[in-house]
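# Reading the structure
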Amino acid sequence: NKKVAGGYAAVEGTPFDFRTPQIISERIDEENAQIKITGGYDHTWAVNTKGDDSRPAAWIYDKESGRKMEIYTTEPGVHVYAANGLKGNLMGKDSTFYAKRTSICFETMHFQNSPNVPEYPTTVLRPNECFNSRTVYKFVIEFNIMRNYICAVNVFKQIGNNLIKSRSILYHFIKEAADFIFFVI
C-alpha cells in the first residue's frame, strides 16, 4: 500500500537520516514501517539547496574506484529507488541480469501529491506560464576524498524513457549500490 501521506516526516533517528554520509546497506533493512512497505528505499527526500543548483543537492562516492557523482538541481526533492523490486530476470547491457539492489536510481522532482498539500512547493502552472527545471549529474574522479567511507548519495532527474537508460548507466557506475553511503544535503 504505497500511498503518499503528505507533509514532511522527521528523519532523525530513522533509516532515512542521511544528513551525514551513511552506507546504504547498513540501514536499508532496518525495522521501519515505510521500509517494510517498499522493501527498501523507494522514497523522496526534501533537499536543503532551496532551488540553488550551483551547489550539489546530493552525491554518491565509491572509495575503491574514486568515482563520484554529484547531483545539482532546482527541484525541491530527490526520489531514491534502490532496485528493491528487481528479481534478476531483467536483462540489460552486455547480457547482464539486474538483481535486487544492484542498481540505484535518483530522480529530482517536486513532491508527489503537491497540488493537495499546501506546505509543498507548488506545481500549479497557469496559462501563459512556463515551467523551468534544471538537473545536472556531474561525474568526477576523486581519490582520498573519504578514506573512511565508501560513498555518499543524493538524487536524480528522470523523465519518461530516460528512467531505464539512467538505471543502466547507474548500474555500471555503482555495481553494488548497497555498499555505498547515502547523503542528502
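In this section: the confidence of the model for the chain. Averaged over all residues, the pLDDT of the chain is 78; the fraction at 70 or higher stands at 76%. Taken together, the stretch residues 145–181 has pLDDT below 50 and engages in 139 contacts with residues farther than four places along the chain or on a different chain.

In this structure, Tyr41, Trp45, Val80 and Phe106 are the most contacted members of the largest nonpolar core, which totals 18 residues. Counting only elements with at least two residues in this core, the list comes to β3 (58–61), β4 (67–73) and β5 (77–81). Grouped together as the second largest cluster of nonpolar side chains are five residues, Ala83, Leu86, Tyr98 and Cys105 included.

By the definition in use, this model includes five salt bridges. Measuring nitrogen to oxygen at the nearest pair gives 3.0 Å for the salt bridge that ties aspartate 29 to arginine 101. Here aspartate 29, found in the loop between β1 (22–23) and α1 (33–38), pairs with arginine 101, found in the loop between β7 (97–98) and β8 (105–109); they are 72 residues apart in sequence, far enough to count as distant. Accessibility expressed as a relative area gives 57% for aspartate 29, which makes it exposed. Owing to a relative accessible area of 11%, arginine 101 belongs among the buried residues under this scheme. Across the pair arginine 134 and aspartate 53 runs a salt bridge, and its minimum N-O distance is 2.6 Å. Here aspartate 53 lies in the loop between β2 (42–46) and β3 and arginine 134 lies in the loop between β8 and β9 (135–141), a separation of 81 residues in the sequence. Judged by relative accessible area, which is 47%, arginine 134 ranks as partly exposed.

The rules behind the values
What you see as residue numbers is a count from 1 along each chain, following the sequence as written. Restriction of local features to residues with pLDDT of at least 70 applies here, the model being predicted, together with a cutoff of 80 or more for giving and counting side-chain atom pairs; totals for whole chains, interfaces and linings are based on all residues. Only hydrogens and water are removed before side-chain values are computed, so all heavy atoms of the structure are retained for them. Every residue carries a pLDDT, the predictor's confidence in it, which falls somewhere between 0 and 100. By the convention used here, residues are in contact when the closest approach between their heavy atoms is within 4.5 Å. As used in this record, nonpolar core signifies buried Ala, Val, Leu, Ile, Met, Phe, Trp, Tyr and Cys residues forming a set joined through side-chain atoms within 4.5 Å. Here's how the labels work: a residue is buried when its accessible area is under 20% of the maximum for its type, exposed when over 50%, partly exposed in between, all with a 1.4 Å probe on protein chains only. Only DSSP runs of H or I covering at least 4 residues are called helices, and only runs of E covering at least 2 are called strands; the numbering of each starts at the N terminus. The salt bridge criterion pairs a side-chain nitrogen of Lys or Arg with a carboxyl oxygen of Asp or Glu, the two atoms within 4 Å.

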